[in-house]
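A structural walkthrough
These are the residues of each chain, in order.
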Amino acid sequence: GRTDRPMSMQLEIRPESGFLKVAATGTSSLDEAKRTFVEMLEAVALHETAKALFDGRQLLGEPKVLERFYYGEFAAQTVRDYSVRGVSLATQFAYVLKEPVLDPKRFGENVAVNRGMNTKVFDNPEDALQWLEPGPT
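Remember, it's a predicted structure, so these values are computed and weren't measured experimentally. (Residues numbered from 1 in each chain as written. Predicted model: local features only at pLDDT ≥ 70, side-chain atom pairs only at ≥ 80, totals over all residues. Heavy atoms only, no water.)

In this section: the overall build of the chain. A count of helical and extended segments in the chain gives 4 helices and 5 strands. Across the chain, helices and strands are ordered from the amino to the carboxyl terminus as β-β-α-β-α-β-α-β-α. Here the chain has a C-alpha radius of gyration of 14 Å; the compact-globule value for 137 residues is 14 Å, and the two agree. Buried positions account for 43% of the 137 residues belonging to the chain. Intrachain contacts of the chain at a sequence separation of at least 6 include 76% that bridge at least 24 residues. For the chain, the exposed area adds up to about 7,800 Å²; of that, 52% sits on carbon and sulfur atoms. Looking at the chain, you have 17 positive and 20 negative side-chain charges, and the mean spots of the two groups are 2 Å apart. (Helix = DSSP H or I, 4+ residues; strand = E, 2+ residues; numbered from the N terminus. Rg over C-alpha atoms; globule rule 2.2 N^0.38 Å. Buried < 20%, exposed > 50% of the residue type's maximum accessible area, 1.4 Å probe, protein only. Contact = heavy atoms within 4.5 Å. Areas by Shrake-Rupley, 256 points an atom, 1.4 Å probe, with all protein chains shown as cover. Lys, Arg positive; Asp, Glu negative; His and termini not counted. Charge placed at Lys NZ, Arg CZ, Asp CG, Glu CD.)

Right, let's get into helix 3 (residues 107-114). Residues of helix 3 that are buried: Gly108, Glu109, Val111 and Ala112. Buried residues along helix 3 cover an arc of 160° about the axis, so they all sit on one side. Residues of helix 3 that are buried in the fold lie against helix 2 (65-81) and strand 5 (118-122). (Arc of directions from axis to C-beta.)

Moving on, we come to the sheet that holds strand 4 (residues 92-96). In spatial order, the strands read 1-2-3-4-5; together these 5 strands make up an open sheet with mixed pairing. Looking along the sheet, the strands with just one partner apiece sit at the ends: strand 1 (10-16) and strand 5. Here the strands of the sheet are splayed against their neighbours by 15° on average, with no regard to which way each runs. By the bridge criterion, 7 bridges tie strand 1 to strand 2 (residues 19-25) in an arrangement that is antiparallel. Looking across to strand 2, one finds that Pro15 is bridged to Leu20. Sheet strands in contact with helix 4 (residues 125-132) are strand 2, strand 3 (51-55), strand 4 and strand 5, and its direction is about 170° off that of strand 4. (Pairing = 2+ DSSP bridges. Axes fitted to C-alpha atoms, helices over the stretch in contact; angles between N-to-C directions.)

A separate point is the packing of helix 1 (residues 30-47) against helix 2. Relative to each other, helix 1 and helix 2 sit at 20°, their axes nearing to 10 Å. The orientation of helix 1 relative to helix 2 falls into the category roughly parallel. Helix 1 and helix 2 meet at a crossing whose hand is right-handed. Residues Leu30, Ala33, Lys34, Phe37, Val38 and Leu41 of helix 1 form the contact with helix 2, whose own contacting residues are Glu67, Tyr70, Tyr71, Phe74, Ala75, Thr78 and Val79. Residue composition of the contact of helix 1 with helix 2, grouped by class: 10 nonpolar, 1 polar and 2 charged. (Parallel < 35°, antiparallel > 145°, perpendicular 65-115°, else oblique. Left-handed = near helix turned anticlockwise from the far one by under 90°. Nonpolar A, V, L, I, M, F, W, Y, C, P; charged D, E, K, R; others polar.)

So, in structure tokens, the structure goes:
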């Protein structure tokens, strides 16, 4: 029945200095991940930022390999679709995740990167911020 449907994902989006901070809560599923990715892209276009930090450490769920593939493919394609809205393929998307949402093999990341998306997955925000802010520390 419909009662056992997982909770949806919620995003809290806040512009920080130089990047967009996106904190996600709830249960990750492929549909929800796609929906919230579009929501994040809308915000990137709106704030005309070139960097986004997606903090999904609070997310529940255990994505299957195929779901990771579809998400990576969808994300890269959607970034391309949004180029008319000022979102560029150079836009940096840093993901901070914990296992099992985080894939130690970084399969989804590889799928997206192979399709031209500028994204990297981290297990802590410090490394993610360092990647977003290259230059002298």
